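Chain by chain, the residues:
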Amino acid sequence: MKIIIADSSTLITLLDTKNFDLLFKLFHEIIITDEVYAEITHKFYHKEEIDSHLIQNNLKLQSVEHKEMYEMLTKRLDRGEAESITLAKKLELPLIIDERKGRNIANSLGIPIIGLIGILLKLLEKEILSKEEAIEVIEQVEANDFRLSDGLKDLIYKYKSQTLISKAKP
């Protein structure tokens, strides 16, 4: 995945825990909507970092027309999620989203999704993060009140890289 759309919750959590740059180890470009930008930069200390990435051009801001799909989605989701899903569908790009209801709707619309744990797993697979580093990120985001299910955390805790398995074989 080189280009991806992102909803706000994962981005805010990664900003709060000083792990935001991990995203750019996987994605060449992240596109956010106007509403997601507003949600992220609501905390003034995030605005400087977000604006810096906008200037670097690895984060892009794109407006979404508030038409039928958006209007339908805002009946069930917040505006940032509705804009993100609408844009992902329009551009036929995957979406970073962690909220269950939004993930279910995006799935039902055929939008490929990834959440925080999926991002950490990809970083592990590519050997960008060690298992210990991934667990440290999980501990940081949980300390920041980002809830993760035990089943999702177990994907990281029980992760074994293919290289370690293949090296262990005679």
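Above: the structure in question.
Residues numbered from 1 in each chain as written. Predicted model: local features only at pLDDT ≥ 70, side-chain atom pairs only at ≥ 80, totals over all residues. Heavy atoms only, no water.

Asker: Got a minute to help me understand unusual backbone geometry in this structure?
Answerer: As a rule of thumb, non-glycine residues mostly have phi less than zero, and peptide bonds are mostly trans rather than cis. Even without being glycine, Asn57 reaches a positive phi, approximately 75 degrees. Mapped onto the fold, Asn57 is located in the loop between helix 3 (44–56) and strand 3 (59–62). Note on Asn57: relative accessible area 45%, which makes it partly exposed. Here Glu127, not a glycine, exhibits a phi torsion of approximately 60 degrees, which is positive. (Helix = DSSP H or I, 4+ residues; strand = E, 2+ residues; numbered from the N terminus. Buried < 20%, exposed > 50% of the residue type's maximum accessible area, 1.4 Å probe, protein only.)

Asker: I keep staring at the side chain of Asp98 and nothing clicks. Help me out?
Answerer: Examined against the element boundaries, Asp98 turns out to sit in the loop between strand 4 (95–96) and helix 6 (100–108). One buried charge, Asp98, has no salt-bridge partner; the nearest side chain with opposite charge is Arg103, at 4.3 Å. Beyond its immediate sequence surroundings of up to four residues, Asp98 is in contact with Ser9, Thr10, Arg103, Gly115, Leu116 and Phe146. (Lys, Arg positive; Asp, Glu negative; His and termini not counted. Salt bridge = Lys/Arg side-chain N within 4 Å of Asp/Glu carboxyl O. Contact = heavy atoms within 4.5 Å.)

Asker: Sorry, what's going on with the packing of aromatic side chains here?
Answerer: What describes a pair of aromatic rings is the distance from one ring centre to the other and the angle between the planes of the rings. Going through the model one piece at a time under the given rule, you end up with two aromatic pairs. Relative to Phe24, the ring of Phe20 lies with its centre 5.6 Å away and its plane at 70 degrees, an arrangement referred to as edge-to-face. Comparing Phe20 with Phe24, the two get one shared label, buried. Relative to Tyr45, the ring of Phe44 has its centre 5.5 Å away and its plane inclined at 85 degrees; by these criteria the two rings are edge-to-face. (Phe/Tyr/Trp six-rings, centres within 6.5 Å; stacked < 30°, edge-to-face > 60°.)

Asker: Looking at this structure, I do not really get the packing of helix 8 (residues 131–143) against helix 9 (residues 150–157). What am I missing?
Answerer: Each pair of packed helices can be summarised by the angle the axes make with each other and by the distance between the axes. Relative to each other, helix 8 and helix 9 sit at 155 degrees, their axes nearing to 9 Å. By the angle between their axes, helix 8 is roughly antiparallel relative to helix 9. Together, Lys131, Ala134, Ile135, Ile138 and Glu142 of helix 8 and Lys153, Ile156 and Tyr157 of helix 9 make up the contact between the two elements. Of the residues that constitute the contact of helix 8 with helix 9, the class distribution is five nonpolar, no polar and three charged. (Axes fitted to C-alpha atoms, helices over the stretch in contact; angles between N-to-C directions. Parallel < 35°, antiparallel > 145°, perpendicular 65-115°, else oblique. Nonpolar A, V, L, I, M, F, W, Y, C, P; charged D, E, K, R; others polar.)

Asker: Looking at this model, I keep getting lost on the sheet that holds strand 2 (residues 29–33). Mind explaining?
Answerer: The five strands lie next to each other as 3-2-1-4-5, forming an open sheet whose pairing is parallel. At either margin of the open sheet sits one strand with a lone partner, and together these are strand 3 and strand 5 (113–114). Note: strand 4 against strand 5, two bridges, orientation parallel. Looking across to strand 5, one finds that Ile96 is bridged to Ile114. Where helix 5 (residues 79–91) meets the sheet, it contacts strand 1 (3–6), strand 2, strand 3 and strand 4, and its direction lies at approximately 130 degrees from that of strand 2. (Pairing = 2+ DSSP bridges.)

Asker: Teacher, can you tell me more about the pairing of strand 1 here?
Answerer: The side chains of a regular strand alternate, residue by residue, between the two faces of the sheet. Pairing of strand 1 with strand 2, which is carried by three bridges, proceeds in the parallel orientation. Residue pairing in the sheet places Ile3 in a bridge with Glu29 of strand 2. Since strand 1 and strand 2 lie parallel, the crossover through helix 1 (residues 8–16) that links them has a hand, and here it is right-handed. (Right-handed = clockwise from strand over helix to strand, strands pointing away.)

Asker: Looking at this model, I keep getting lost on the layout of surface pockets. Mind explaining?
Answerer: For the largest pocket, the calculated volume is near 570 Å³. Listing elements by their share of the lining of the largest pocket, those giving two or more residues are helix 1, helix 6, strand 5, helix 7 (116–125) and helix 9. Here the residues of the lining of the largest pocket are counted per class, giving ten nonpolar, seven polar and seven charged. (1 Å grid on protein atoms, 1.4 Å probe; cavity = no way out; pocket = protein on both sides within 12 Å on 5 of 7 lines; lining within 4 Å. Points joined across faces, edges and corners; volume = space filled by probe spheres on them.)

Asker: It is not clear to me how the pattern of salt bridges should be interpreted in this structure. Could you clarify?
Answerer: It is possible for side chains bearing opposite charge to pair when their charged atoms get close. Considering all chains together, one arrives at seven salt bridges under this definition. Taking the shortest distance from any N to any O, the salt bridge between Lys67 and Glu65 comes out at 3.1 Å. Just as Lys67 is exposed, Glu65 falls in that class too. Of the charged contacts, one joins Asp150 and Lys153 as a salt bridge, the two residues approaching to 3.3 Å between their closest N and O atoms.

On their own, these measurements won't tell you what the molecule is for.
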